[in-house]
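Now for the letters of each chain:
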Amino acid sequence: MGISDKHIRHAAGSLLVVGLSGTEVTALEQAWLKLVRPSGIILFRRNIVDAGQTRSLLAEAASFCGSASLRCVDIEGGTVDRLRDAVAPMPSAQAVARTGRLAWMKQHGELIAKEASAFGFNTTLAPVLDLALPVSANVMGTRSADATPDGVIRYVRAFLQGLSAHGVVGCAKHFPGLGGGTLDSHLETPSISRSWSELWNEDLVPYRELAPELSMVMVNHAAYPDTRGGDRPATASPFWITTVLQKRIGYRGLTFSDDMEMGGILKYLPMEEAAIAAVRAGLHMMEICHSPELILRCYESLIHEAERSIAFRKLLFERARAAARLRSARFSRPTTRALNATQLNALREKVLRFGETVKAAQPA
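Rules used throughout
- Residues numbered from 1 in each chain as written.
- Predicted model: local features only at pLDDT ≥ 70, side-chain atom pairs only at ≥ 80, totals over all residues.
- Heavy atoms only, no water.
- Buried < 20%, exposed > 50% of the residue type's maximum accessible area, 1.4 Å probe, protein only.
- Helix = DSSP H or I, 4+ residues; strand = E, 2+ residues; numbered from the N terminus.
- Right-handed = clockwise from strand over helix to strand, strands pointing away.
- Pairing = 2+ DSSP bridges.
- Salt bridge = Lys/Arg side-chain N within 4 Å of Asp/Glu carboxyl O.
- Lys, Arg positive; Asp, Glu negative; His and termini not counted.
- Polar contact = N/O pair within 3.5 Å; in protein donor to acceptor, adjacent residues only side chain to side chain.
- Contact = heavy atoms within 4.5 Å.
- Disulfide = S-S within 2.5 Å.
- Axes fitted to C-alpha atoms, helices over the stretch in contact; angles between N-to-C directions.
- Parallel < 35°, antiparallel > 145°, perpendicular 65-115°, else oblique.
- Left-handed = near helix turned anticlockwise from the far one by under 90°.
- Nonpolar A, V, L, I, M, F, W, Y, C, P; charged D, E, K, R; others polar.

A.B. asks: Looking at this model, I keep getting lost on the pairing of strand β2 (residues 40-43). Mind explaining?
C.D. replies: The two faces of a sheet get side chains in turn, since along a regular strand they alternate between them. Judged by which residues are buried, β2 turns out to be covered on both faces: G40 and I42 on one side and I41 and L43 on the other are all buried. One crossover worth recording links strand β1 (residues 16-19) to the parallel β2 by way of helix α2 (residues 27-36), and it is right-handed. The pairing of β2 with strand β3 (residues 70-73) spans 4 bridges and is parallel. Its bridge partner being in β3, I41 is matched across the sheet by R71.

This is how it looks when you write it as structure tokens:
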């Protein structure tokens, strides 16, 4: 294998954040991790027993990654909380925001950061910036903080301050907004019938206002047919990622896909085409959360296209360099702190008390 081939393979792998099957790294996973050398690991409840086991799992998996790697987990609170069994249930963003208390919104971020750090994570895929519109209530539940842009901004800014105070990076999601959606993008490609004016003046306001404060933005798999994005999912759309997010809004941080295994993208394009389209659209990194087959298909498709097309090869290297620079700037500094049993029990009690306090303060 020539050095150019090695460079292509390294660049392709460096755009991936991958999931694992269980609570230990299997021999098969060791083999494909060594081949792919991704730039991040994401864990789920299936991977997590306790803090010591999780830290060991992350350390082994991350040893196959490059420097400044992402160690991701979804802790939003409420229905999306991968540590609820290992620590305690965290209240939802909507419940915290409804109290109207900025100090509690910041504390929400602080407690989530302390949990994540104790288990070895440096990144939580939160907060949600989607508007809590009535049409999406059955899909989004209590994940969205507020129905208004101002309410979302107020919660998110305080929440991010809480995360930052404890060295954990947040990921704003789901750009450009799922507030108008009625379908679950895990299963289908939502077609969101909101005009460009509605999106720009409502859904996108939190991204416009908070762009300098965001280290990561996750792009969703919905389509917006009443805009220039047409029927193409946002993850594969140059209009949404390059034109709107990076140029019009001026966002300069890391762009990150929602799980590329989801039906929202794979019902539109097969993995091989979706991965190439996402890179062309402007994404820096893609997450594939479970299937080794899909991880390898994504990886090999990027390599094959780079070998076939000089233009795509240049683009792949550009994305890899940009992602490496952004990871170095944002993920070299955060450190995780192991807690002993007494400290973990104290954290559990703090989360439980916070949940009870937030519940008692809900408006009638």
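The rest of the description comes next.
A.B. asks: Is there a simple way to explain the pattern of salt bridges in this structure?
C.D. replies: For side chains bearing opposite charge, pairing can occur when the charged atoms are close. Enumeration over the complete set of coordinates arrives at 14 salt bridges. For E213, the salt bridge goes to R157, with nearest N and O atoms at 2.7 Å. Taken together, the positions of E213 in the loop between α9 (205-210) and β8 (216-219) and R157 in helix α7 (residues 149-164) put the pair 56 residues apart, joining distant regions of the chain. According to the relative accessible area criterion, E213 is partly exposed, its value standing at 37%.

A.B. asks: Is there a simple way to think about the side chain of D81 in this case?
C.D. replies: In this structure, D81 sits in strand β5 (residues 80-81). Buried charge without a salt bridge: D81, with R84 as the nearest opposite-charge side chain at an N-O distance of 4.6 Å. From its side chain, D81 meets the backbone nitrogen of M90 in a polar contact 3.0 Å long. Excluding residues within four positions of it along the chain, D81 makes contact with R45, D74, I75, A88, P89, M90 and E115.

A.B. asks: Looking at this model, I keep getting lost on the sheet that holds β3. Mind explaining?
C.D. replies: Whether parallel or antiparallel, the strands of a sheet pair through hydrogen bonds between backbone atoms. Strand order in the open sheet made by the 8 strands is β9-β8-β7-β6-β3-β2-β1-β10, with parallel pairing throughout. Because the sheet does not close on itself, it has two edges, and the strands there are β9 (254-257) and β10 (286-288). In this structure, strand β7 (residues 169-175) lies alongside β8, joined through 3 bridges in parallel fashion. Note that in β8 the partner of F175 across the bridge is V219.

A.B. asks: Could you clarify how one ought to interpret the side chain of T123 in this entry?
C.D. replies: With respect to the secondary-structure elements, T123 resides in strand β6 (residues 123-124). Judged by relative accessible area, which is 0%, T123 ranks as buried. Setting aside residues up to four positions removed in sequence, T123 forms contacts with L70, R71, C72, V73, V168, V169, M216 and F331.

A.B. asks: How do you make sense of the pairing of β1 when you look at a structure like this?
C.D. replies: Residue alternation in β1 divides its side chains into two sets, L16 and V18 and V17 and G19, and both sets are buried. Bridge count between β1 and β10: 3 bridges; the pairing is parallel. Note that in β10 the partner of L16 across the bridge is M286. Pairing between β1 and β2: 3 bridges, direction parallel. From the neighbouring strand, V18 faces β2, where its bridge partner is I41.

A.B. asks: I'm lost on unusual backbone geometry in this one. Help?
C.D. replies: What you tend to see is this: most non-glycine residues have negative phi, and most peptide bonds are trans. Cis peptide bonds are those with omega within 30 degrees of zero, and the linkage from A126 to P127 qualifies with 15°. Among the secondary structure elements, P127 is positioned in the loop between β6 and α6 (137-140). With an omega of 5°, the peptide bond running from K173 to H174 counts as cis. Structurally, the position occupied by H174 is in strand β7. Positive phi, close to 50°, is recorded for R37, a residue that is not glycine. Within the secondary structure, R37 is located in the loop between α2 and β2.

A.B. asks: Which parts of the structure should I look at to understand the state of the cysteines?
C.D. replies: Scanning the model with the defined rule gives 0 disulfides in all. Cysteine C72 shares no disulfide, and the gap to the nearest cysteine sulfur, in C171, comes to 7.8 Å. Of the residues examined, C72 reaches a relative accessible area of 0% and is grouped as buried.

A.B. asks: Could you clarify how one ought to interpret the packing of helix α5 (residues 102-118) against helix α15 (residues 341-360) in this entry?
C.D. replies: Two quantities define a packed helix pair, namely the angle between the helix axes and the distance between the axes. With their axes 11 Å apart at the nearest point, α5 and α15 run at an angle of 150° to one another. Comparing their axes, α15 and α5 come out roughly antiparallel. Taken as a pair, α5 and α15 cross one another with a handedness that is left-handed. Across the interface between the two elements, W104, Q107, H108, L111, K114, E115 and A118 from α5 touch L344, L347, K350, V351, F354, T357 and V358 from α15. Residue composition of the contact of α5 with α15, grouped by class: 8 nonpolar, 3 polar and 3 charged.

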